[in-house]
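Architecture and fold: a report
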Amino acid sequence: MGLTAVAARGSRARPLRPLLSAGLRTLSASAVRARPRGLVYEQHGEPAQVLNLKEIDLAELGDSGVNVKMIAAPINPSDINMIQGTYATLPDLPAVGGNEGVGQVIEAGSRVTSLKPGDLVIPADAGLGTWRTEAIFGEETLLKIPPDIPLTCAATLSVNPCTAYRMLSDFEVLKPGDSVIQNAANSGVGQAVIQIAAAKGFKTINVVRDRPNLQELVDRLKSLGADHVITEEMLRKPEVKELFKKIPRPILALNGVGGKSATELLRHLQHKGTMVTYGGMSKQPITAPVSALIFKDVKLRGFWMTQWKRDNAQNKEKLRGMIEDLCDLIRKGQLTAPACQEVPLIDYQAALESSMKPYVSAKQILVM
C-alpha cells in the first residue's frame, strides 16, 4: 500500500481491536517467522529523511533475554525529538526509533522468572527502540501487563498516562473538588490528565489553541470528563474571572507549552500553588511574573517521566503499582486511549507526516 492510499484511508481515525477480541495467538519460538525489520536511523535529522525500514539482526537470547514480537507502537513527540537529536537522552547510532508500545513474549531465557511465552509486555523505560517487528530485550526492561487491556491503551500506556498520573500525585496534595489548570489539553498527556482527574474528583480547566473545529474539540474533551475548556485567547481576557466564581482557583498548573501560555497559567494559580512543566511545544522560555513569585509564592517545578523511572529503578513495585492503578481505571472505563490511527509499519512515512501536522487529533500507531 503506497503513501497516497494510506493518506486517503487515514482521513478518519479507526480504533485498533481490543486484545481479547483480536484473536491474538501465542507465537511459537520454533515457528517460521519473517526476518525482523525495524525503522533505523544512522544519523540525526528530520525523521522522514533519516529513517529507513531495514532488516535487523536479533541479539542472542542468552539466559536472561526475552524475545518479544512487537504488536503496535505509537509515534510520540519525544520520539521525533530523539531522532532529530534534540532530546535530553540520545541512543548510540545506528538506532531503532520508538520508545513506547506493546509486544508479546515469544521466548524467555532460562533465568527469566517474571515473564513467559504469551505474556504481553510494555517498556519499563525509554530507549528500547519499539518501531520494529521483533527484538531481544532484557527482562528488567519490560513490564508485564494484563491481557484484558485494549490494544490501543496498552500501546500508549507507558508514557502519557504515567506522566499525567505522577503529576497529579507528586506535587500537590489534591482533594476532591480541588481544581487543576493545564494547557495542551488535547495532547496525549492532557487527555489522560482530564480522565484521571475526573476519576479522582478533581476539577479541570483545560486550555487549547483556537482552531476551525473548536466546538468539536470542546465536546470531545468534555466527553472525557473535562469541566471547562477554553482557548488561549479566552484565558487572557478579564472575563475569565467569572470562571473562578464557579470553581476554586487551581492549586496545580500543568504546562506542556511554555512561552506566554505558561505565563497565563501562573497568573491564575492559587497562593502557594505549583506549576509543573513537562513539555515546551512552543519552544519559547517561561516568563514568570515577579508578582506571582513574591506575593503568591508560587512554585515552579519540572517533570520528566524518564527521570522518574530511573530514580525509581530499584523500586519496581512503585512502577508496577502505578501501572496497576492505570489498568484498573481502564477496566472501569475511566481511562481510554487517545483517538488513534492505525498504520502498517511499511507505510511509516504517512504516519510520520500525520504525526507532525498541527491540529491532528489522532495519534499515529504503527502496527507490526
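Residues numbered from 1 in each chain as written. Predicted model: local features only at pLDDT ≥ 70, side-chain atom pairs only at ≥ 80, totals over all residues. Heavy atoms only, no water.

In the nomenclature of an unreviewed UniProt entry, the protein chain is known as Enoyl-[acyl-carrier-protein] reductase, mitochondrial of Podarcis lilfordi. One UniProt comment on the protein chain, placed under Sequence similarities (unreviewed entry), says "Belongs to the zinc-containing alcohol dehydrogenase family. Quinone oxidoreductase subfamily." A UniProt comment under Subcellular location (unreviewed entry) is attached to the protein chain, and it reads "Mitochondrion". (UniProt positions renumbered as here; feature names shortened; annotations may be inferred.)

A look at the sheet that holds strand E11 (residues 228-231)
Strands belonging to one sheet form pairs held by backbone hydrogen bonds; the direction of such a pair is parallel or antiparallel. Ordered by their spatial adjacency, six strands build an open sheet running E11-E10-E9-E12-E13-E14, and the pairing between neighbours is parallel. With one partner strand each, in any of the chains shown, E11 and strand E14 (299-302) form the two edges of the open sheet. Strand-to-strand, the axes of this sheet are offset by a mean angle of 20°, without reference to chain direction. Relative to E14, strand E13 (residues 274-277) runs parallel, the two sharing four bridges. The partner of Thr 277 across the bridge, within E14, is Gly 302. The sheet contacts of helix H5 (residues 160-170) involve strand E9 (179-182), strand E12 (252-255) and E13, and relative to E12 the element is tilted by about 150°. (Pairing = 2+ DSSP bridges. Helix = DSSP H or I, 4+ residues; strand = E, 2+ residues; numbered from the N terminus. Axes fitted to C-alpha atoms, helices over the stretch in contact; angles between N-to-C directions. Contact = heavy atoms within 4.5 Å.)

Description of the side chain of Glu 100
The topology assignment puts Glu 100 in the loop between strand E4 (95-96) and strand E5 (102-108). With no salt bridge to any partner, buried Glu 100 finds its closest opposite charge in Lys 363, at an N-O distance of 5.8 Å. Glu 100 has contacts with Ala 73, Pro 74, Asn 76, Pro 123, Thr 130, Ala 155, Thr 156, Leu 157, Ser 158, Val 159 and Asn 160, leaving out every residue within four places of it along the chain. (Buried < 20%, exposed > 50% of the residue type's maximum accessible area, 1.4 Å probe, protein only. Lys, Arg positive; Asp, Glu negative; His and termini not counted. Salt bridge = Lys/Arg side-chain N within 4 Å of Asp/Glu carboxyl O.)

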